[in-house]
Amino acid sequence: MLEKIKETAAFLKERMHTSPETAIILGTGLGNLANEITEKYEIKYQDIPNFPVSTVEGHSGKLIFGKLGNKDIMAMQGRFHYYEGYSMKEVTFPVRVMKELGIKTLFVSNASGGMNDAFEIGDLMIIRDHINFFPEHPLRGKNLYGDRFPDMSEAYSKDLIKKALDIAKEKGIKVQQGVYLGTQGPTFETPSEYKMFHILGADAVGMSTVPEVIVANHAGIKCFGISIITDLGVEGKIVEVSHEEVQKAADAAQPKMTTIMRELINRA
């Protein structure tokens, strides 16, 4: 595993013109942040040794390097999901490569179902904590980086959360805060599952992010996460949902997310 990580990192280093310390994982319907990147160069996942290939509609499948404002960045346009059939090691492989490339801060985004009565479709939720509901832990197996039993008391940087809240206030953007629960998918939740997850303490639920953040924390990479609430799992507000509807809601909210992410990355 470590040999593959180092092989992939070496391949990328030979082709990188910059040395970014900031990485972004762009989720469903949120890939348009890539349009904000200047001086960019791209590498398709299929051309990178040992990299999985994204199979989900709305996930482009390439690494983008360049500048976002004044920061050199690395962006994943398209992520990998457990429900696609990948193991957790494959899902989180890019994050381990980021560690080898010298990434210090990781920004993640996703689309999720809201379970908090105060949420509305299109809201942005800054993730303050998460609940891991995946059936396989991403750190299972040989310990590659950091502590065998890593601390997760601040999985999402409190400093970055505060800065994001300040930016939202400055820009007049409504934001929520909450706990994100990650589950394997690919089904959307039943009404009873929504209810159970909310009782457990979650405000939103999705099929990604948690494994990546766990591995990033283990590797000493600081994290910030934000969700777009694309559907509601609140009793009395649940309607039929599809991947197309999720993408449509994410696209509509994308400009607000882009503003917060761009400003935050430049102030981090």
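Presented here is a report on the structure given in the accompanying data block. (Residues numbered from 1 in each chain as written. Predicted model: local features only at pLDDT ≥ 70, side-chain atom pairs only at ≥ 80, totals over all residues. Heavy atoms only, no water.)

Re a nonpolar patch on the surface
Test applied: Surface patches are defined over residues having more than 30% relative accessible area and no salt bridge, joining like charges when they lie within 9 Å and nonpolar side chains (Val, Leu, Ile, Met, Phe, Trp, Tyr) when within 5 Å. Values of accessible area rely on a 1.4 Å probe in the Shrake-Rupley scheme; residue burial ignores everything except the protein chains shown. For this analysis, a salt bridge means a side-chain nitrogen from Lys or Arg found within 4 Å of a carboxyl oxygen belonging to Asp or Glu. The secondary structure listing takes helices from DSSP runs of H or I that are at least 4 residues long and strands from runs of E that are at least 2 residues long, numbered from the N terminus. Buried residues are those whose accessible area, probed at 1.4 Å on protein chains only, stays under 20% of the maximum for their type, while exposed residues exceed 50% and partly exposed ones sit between those limits.
Where nonpolar side chains cluster on the molecular surface, the patch consists of Phe-133, Met-196 and Leu-200 and spans about 260 Å² of accessible area. Mapping Met-196 onto the fold places it in helix α5 (residues 191-199). Residue classification places Met-196 among the partly exposed residues on the basis of a relative accessible area of 38%.

Considering the packing of helix α1 (residues 2-15) against helix α3 (residues 93-101)
So the rule is basically this: Note on geometry: axes are lines fitted to C-alpha atoms, helical ones only across the stretch in contact, with angles between N-to-C directions running from 0 to 180 degrees. By definition in this entry, angles of less than 35 degrees are roughly parallel, angles greater than 145 are roughly antiparallel, angles of 65 to 115 are roughly perpendicular, and the rest are oblique. In this scheme, a crossing is called left-handed if the near helix is turned counterclockwise away from the far one by less than a right angle; it is called right-handed if the turn is clockwise. Should any heavy atoms of two residues lie within 4.5 Å, those residues are considered in contact. Residues are grouped as follows: Ala, Val, Leu, Ile, Met, Phe, Trp, Tyr, Cys and Pro are nonpolar; Asp, Glu, Lys and Arg are charged; all remaining types, including Gly, are polar.
Interaxial distance between α1 and α3 falls to 9 Å at its minimum, and their mutual angle equals 60°. Put simply, α1 runs oblique to α3. Remark: the crossing between α1 and α3 carries right-handed chirality. Residues Leu-2, Lys-4, Ile-5, Lys-6, Thr-8, Ala-9, Leu-12 and Lys-13 of α1 touch α3, and the partners they reach there are Phe-93, Arg-96, Val-97, Glu-100 and Leu-101. Taken together, the residues of the contact of α1 with α3 break down into 7 nonpolar, 1 polar and 5 charged.

Digging into the pairing of strand β7 (residues 175-182)
Selection criterion: DSSP-based pairing: two strands are paired if at least 2 bridges between them are found. Convention used here: a crossover is right-handed provided that the path from the first strand, over the helix, to the second strand proceeds clockwise when the strands point away from the viewer.
In terms of burial, β7 is a largely internal element, 6 of the 8 residues being buried. Bridge analysis of strand β6 (residues 124-132) against β7 gives 8 bridges, and the strand direction is parallel. Note that in β7 the partner of Asn-132 across the bridge is Gly-182. Sheet topology note: the β7/strand β8 (residues 204-206) ladder contains 3 bridges and is parallel. Bridge pairing links Leu-181 to Val-205 in β8. Once the chain exits β7 it traverses α5 before rejoining the sheet at β8, and the crossover so formed is right-handed.

Things to note about the environment of Thr-92
Quick note on the threshold: In protein, a polar contact requires one atom able to donate a hydrogen and another able to accept it; more generally it is a pair of N or O atoms within 3.5 Å, and residues adjacent in sequence count only if both atoms are side-chain atoms.
If you trace the backbone, Thr-92 turns up in the loop between α2 (88-91) and α3. In this structure the C-alpha to C-alpha distance between Thr-92 and Pro-186, which are 94 residues apart in sequence, comes to 18 Å. Not counting the four nearest positions on each side in its chain, Thr-92 is found in contact with Pro-138, Pro-211, Glu-212 and Val-215. Side-chain polar atoms of Thr-92 contact the backbone oxygen of Met-88, separated by 2.8 Å.

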